[in-house]
Amino acid sequence: MRKGTVVSLKSCNKIFYFLKLNRVLLILTLCFILGFLIGIFTADKYEAVNNFNSTVFENFIANRSDRSFWQIAVKSFFNSMLFILLEFACGTSALGVVFVPLCVGARGFLYGGTAALLYSEHLLKGIAFHTVLILPAAVIFIFGFLLAARESFDFSLMLARLTLPQTMPMNISFQFKSYCIKYIAVLIIIVFSAVIDAILCGNFLTVFSL
């Protein structure tokens, strides 16, 4: 076998191993993308969805207009925490293996609907608004959000396995402590996202006013 072929096979094996190691995160990312696409393609087709997207965007503007840096940061943080806490709660139940992906898809749906609203109604100005004021903080939040979703799914899956008759009883207190510690790390990412949101909106919201 030629040397180049051996190197290629080793690279493929590393890729497959990485995908296998992160398969839950990959599946949740696909759920988010699916929700995002559904949000985009249903925004103009259903009046109820369009009205909902408009309300979400109006609240986004209202929570950041004429506000101080700290007011925007705190409001952004607590808005983000709604979905994080929902994921945390889902992870403490065996049913979380179903509800965590749904939660991820719902968040993707909200982002997709907002993007579609901006692009369709405000064209280039909407694209600029989304790119500068929404996307940077959103990317950071989504990263933390998906990591939290993975931890919730894994913990929920462990609880679901404990309900099977052939599974041996176990003390899950250590696993739950680890679960909580990982969520504390996620909170740091959410705080960073809120700070970026406050910096951008506090300085450029009036520049990109729609």
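Look up a bit, the structure's there.
Residues numbered from 1 in each chain as written. Predicted model: local features only at pLDDT ≥ 70, side-chain atom pairs only at ≥ 80, totals over all residues. Heavy atoms only, no water.

Participant: I tried to follow the nonpolar core on my own but got confused; where do I start?
Facilitator: Note on soluble globular proteins: their nonpolar side chains tend to be buried together. In terms of nonpolar packing, the biggest core is built from 49 residues, with I84 and F129 touching the most fellow members. Only α2 (23–42), α3 (47–62), α4 (69–91), α5 (96–162) and α6 (173–204) provide two or more residues apiece to this core. A total of 24 residues in this core trace back to one element, the largest contributor, which is α5. (Core = buried A, V, L, I, M, F, W, Y, C linked by side-chain atoms within 4.5 Å. Buried < 20%, exposed > 50% of the residue type's maximum accessible area, 1.4 Å probe, protein only. Helix = DSSP H or I, 4+ residues; strand = E, 2+ residues; numbered from the N terminus.)

Participant: What's the story with unusual backbone geometry in this structure? I'm lost.
Facilitator: Although it is not a glycine, D66 adopts a positive phi angle of roughly 55 degrees. If you trace the backbone, D66 turns up in the loop between α3 and α4. At L123, a residue that is not glycine, the phi angle is positive and equals roughly 50 degrees. As for its placement among the helices and strands, L123 is situated in helix α5. Residue class for L123 comes out exposed when judged on its relative accessible area of 55%.

Participant: Help me understand the side chain of R64 in this model?
Facilitator: Its place among the elements puts R64 in the loop between α3 and α4. Of the polar contacts made by the side chain of R64, one reaches the backbone oxygen of F60; its length is 3.1 Å. Reaching out from R64, the side chain makes a polar contact with the side chain of D197 at a distance of 2.6 Å. Ignoring anything within four residues of it in the chain, the contact list for R64 reads I72, S76, D197, C201 and L205. (Polar contact = N/O pair within 3.5 Å; in protein donor to acceptor, adjacent residues only side chain to side chain. Contact = heavy atoms within 4.5 Å.)

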